[in-house]
Amino acid sequence: MDGKKAWKQLWLAYGKKKDLGNGKYFENVWLKGFDAEDRMVNSALQELKLGAEGMLGVTPQVKQVEVAPNGDKCLAEAASNDDKCAAEAQPGAGAALCMEKSEKLSPESYSVQENGGKLQILAGDEKGLLYGVFHVLRQISMEKSLAGIAVTCTPDNPLRTYNHWDNMDGSIERGYSGKSFFFENDDIVINDRTRDYARLMASIGINGVVINNVNVKQAATWLITDRYFEKVAQLSEIFADYGIKFFLSLNYAATIELGGIDSADPLDERVIAWWKEKMKECFAKIPNLGGFLVKADSEGRPGPFTYGRTQADGANMLAEAVRPYGGIIIWRCFVYNCRQDWRDYKTDRARAGYDNFIQMDGDYAENVILQIKNGPMDFQIREPISPLLGGLQKTNQMLEVQVAQEYTGHQIDVCYLIPMFKEILDFHTYCKPGADTVADVISGRTMGNKNTGIAAVINTGNDENWTGNYLAAANLYGFGRLAFQTSLSAEEILDEWIPMSISSDPEVIKVVKDILLRSRETYEKYTSPLGIGWMVTPHDHYGCSVDGYEYDRWGTYHRADHLGMGVDRSDKGTGYAQQYYEPNASAYNSMESCPEELLLFFHHVPYTYVLKTGKTLIQHIYDSHFEGYDEAEGFAKAWDGLEGKVDVQVFANVKERFGRQLYNAREWRDQVNTYFYRKSGIPDEKGRTIY
Ligand code: GCV
């Protein structure tokens, strides 16, 4: 692995790799049924050249053909669309790579097969070809022989997007790896990194990107005007080369701020007419525009509630304006009243998403997708799955997760998030027999709909290594791969990412994999216990502050008193548990059947309550916090053992982060343990130091 390149190019570094017989295919490359001049085909060929030259030292010789030379039928037809298909290769003049369009494959799909020295990439369309080429390059980068490969891949989710929370002054809301590479001083930045970014995204199957923060303020409101159209269009063209649809976040109150109308009422004719004109202009001036993302009626953002209208009124009005151009409106469900008075024990922010959206199920236009955060609160280290997912039965839905580590360690602490995302996708909502997991709902399998998918808040910035902590790139990579193929396991994703990004040395792989696979639980152990969440420094969201929930001026968020802690969300409490289908509703409703990792989210529990482990709640809090710190210390030591085995810069970067993680973990451990010792008056039965 060439460390210097990997530092800047991540898994696309294309440093020298073992040949393993792979080089021979690239000496003779045939392209059939595709136009070499097409922008995406051109990107695929460019990438093939970069990869083959860098990793194998071979320059691909590409010939566009109608029929394969010598009548050699090297291009076997894919047997089926959805399964592994056997290549029916014929003996030919020599090794070759054949890339061909196949009508048997659906758009974005590809198959890669090798037989008798003939490697072929069949693809349903240009984007499929691009993905197929990246698949081949991935194998080479992982130092796997291509001999005998036989895979067919169709993406599981129609939309696979990354959302940037980048502001036009260059800052990034919840950004932990430098400044924005899209914006600077209220201007749009376009440079080499823009193309590298698009390549990285395409290589993991991302097909949509929202470039600006959902909190659209100041200059960002003007992104849909002549002030920025030219550069926005240039940016979107680069994305188009890589099959990535371009999206913008929209200021719902643009009619007031740009249009000079004194209203943003979605039923006001003047508002409707303004948006229709504006959308006509946007789609005319921004090629490759996919549509818009909207945060309304949340955390100070304007929305239809101001005018006594529903969320559906707002979303449908915009959807109608973008419909003639095939555009979509992605409408976020993160709608809640952040000024709620928490002293009223019936008030529950967790209820808000469901309460605000469920009644209008079925009322949304076909080109509206509701984007729903994975949990009912806000990207905590442990939360139940939002009951809106699958709760809505007649509405297009997209899952939103957060790869940016807002509450999970700011890309200082290591926290591999793919195991969490897997749990979310695998969750049974019980919305429909046989097709009830979150993965089913967002792939369109549950309802047979097409406007669905998955989005993540991205963790990139202009740091040289893109993600601050080099290990956080595993999340960047992993989300895309998982969005494309939800059946991949968290471990399989690391089996790809580690050799492509760090080293193929089995010892290095073992250590890095062990750290990453355990990291989420470790982080959870030394932070907030059993699903309670928060306890984090207000606003900044890094570091411990047990009473620190920013919207709660009364210190009652976790409801801790001298007898116990946790929020009663059962039918005797806020009633949140009843927002789920059975049997989830009953399981969550009772303390005995509630999954223990979520116990304090759903119940107010005495410190003396005995958990399934036989430990009391208070002892669990003490033990898990000591364990979490010890585990983090173990990670740091294990990483130290890799000195000399991984690139110097990567080694130093991660070592420095572990230093800060240990400090953070110690603070959390000591503050949480002390707080609950003082509240409960119950000492640690192991007699460890807690003040
Ligand atoms: C973009 C949380 C974050 C905010 C974020 C918001 C959202 O509240 O702290 O920074 O705003 O979620 O998802 O809209």
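Treat the numbers as computed from the prediction; the structure is a model and nothing was measured.

A. Structural detail: the overall build of the chain. Within the chain, the secondary structure is distributed over 18 helices and 18 strands. Here the C-alpha radius of gyration of the chain, 26 Å, is about what a compact globule of 691 residues would show, namely 26 Å. In terms of overall dimensions, the chain has C-alpha extents of about 85 × 65 × 50 Å along its principal axes. Per-residue burial for the chain yields a buried fraction of 63% across its 691 residues. When the accessible surface of the chain is totalled, it reaches about 24500 Å², and 49% of it is carbon and sulfur. Side-chain charges of the chain comprise 74 positive and 96 negative groups, with the mean position of each set lying 1 Å from the other.

B. Summary view of the sheet that holds strand E5 (residues 118-123). In spatial order, the strands read E2-E1-E3-E5-E4-E6; together these six strands make up an open sheet with mixed pairing. Two strands lie at the open edges of the sheet, namely strand E2 (62-65) and strand E6 (150-153), each paired on one side alone. With strand direction ignored, the average angle separating the axes of adjacent strands in the sheet is 15 degrees.

C. Seen up close, the packing of helix H17 (residues 617-640) against helix H18 (residues 648-680). One can describe the packing of H17 onto H18 by two numbers: an axis separation of 9 Å at closest approach and a directional angle of 170 degrees. Here H18 runs roughly antiparallel to H17, going by the angle between their axes. For the element pair H17 and H18, the recorded crossing hand is left-handed. For the contact of H17 with H18, the per-class residue count stands at 19 nonpolar, four polar and five charged.

D. The arrangement of the domain arrangement of the chain in detail. Split into domains, the chain comes out as domain 1 (3-153), domain 2 (159-501) and domain 3 (525-567 + 604-680). For domain 2 versus domain 3, the distance between C-alpha centres works out to 29 Å. Both faces combined, the contact of domain 2 with domain 3 buries some 2500 Å², and carbon together with sulfur accounts for 57% of it. Scanning the region where domain 2 abuts domain 3 turns up zero salt bridges. Linking domain 2 with domain 3 are 14 residue pairs in polar contact (both at pLDDT 80 or more), by the criterion used here. Residue composition of the side of domain 2 that touches domain 3, by class: 11 nonpolar, nine polar and 11 charged.

What counts, and at which threshold
Residues numbered from 1 in each chain as written. Predicted model: local features only at pLDDT ≥ 70, side-chain atom pairs only at ≥ 80, totals over all residues. Heavy atoms only, no water. Helix = DSSP H or I, 4+ residues; strand = E, 2+ residues; numbered from the N terminus. Rg over C-alpha atoms; globule rule 2.2 N^0.38 Å. Buried < 20%, exposed > 50% of the residue type's maximum accessible area, 1.4 Å probe, protein only. Areas by Shrake-Rupley, 256 points an atom, 1.4 Å probe, with all protein chains shown as cover. Lys, Arg positive; Asp, Glu negative; His and termini not counted. Charge placed at Lys NZ, Arg CZ, Asp CG, Glu CD. Pairing = 2+ DSSP bridges. Axes fitted to C-alpha atoms, helices over the stretch in contact; angles between N-to-C directions. Parallel < 35°, antiparallel > 145°, perpendicular 65-115°, else oblique. Left-handed = near helix turned anticlockwise from the far one by under 90°. Nonpolar A, V, L, I, M, F, W, Y, C, P; charged D, E, K, R; others polar. Domains from an automatic or database assignment. Buried area = accessible area lost by both parts, 1.4 Å probe. Salt bridge = Lys/Arg side-chain N within 4 Å of Asp/Glu carboxyl O. Polar contact = N/O pair within 3.5 Å; in protein donor to acceptor, adjacent residues only side chain to side chain.

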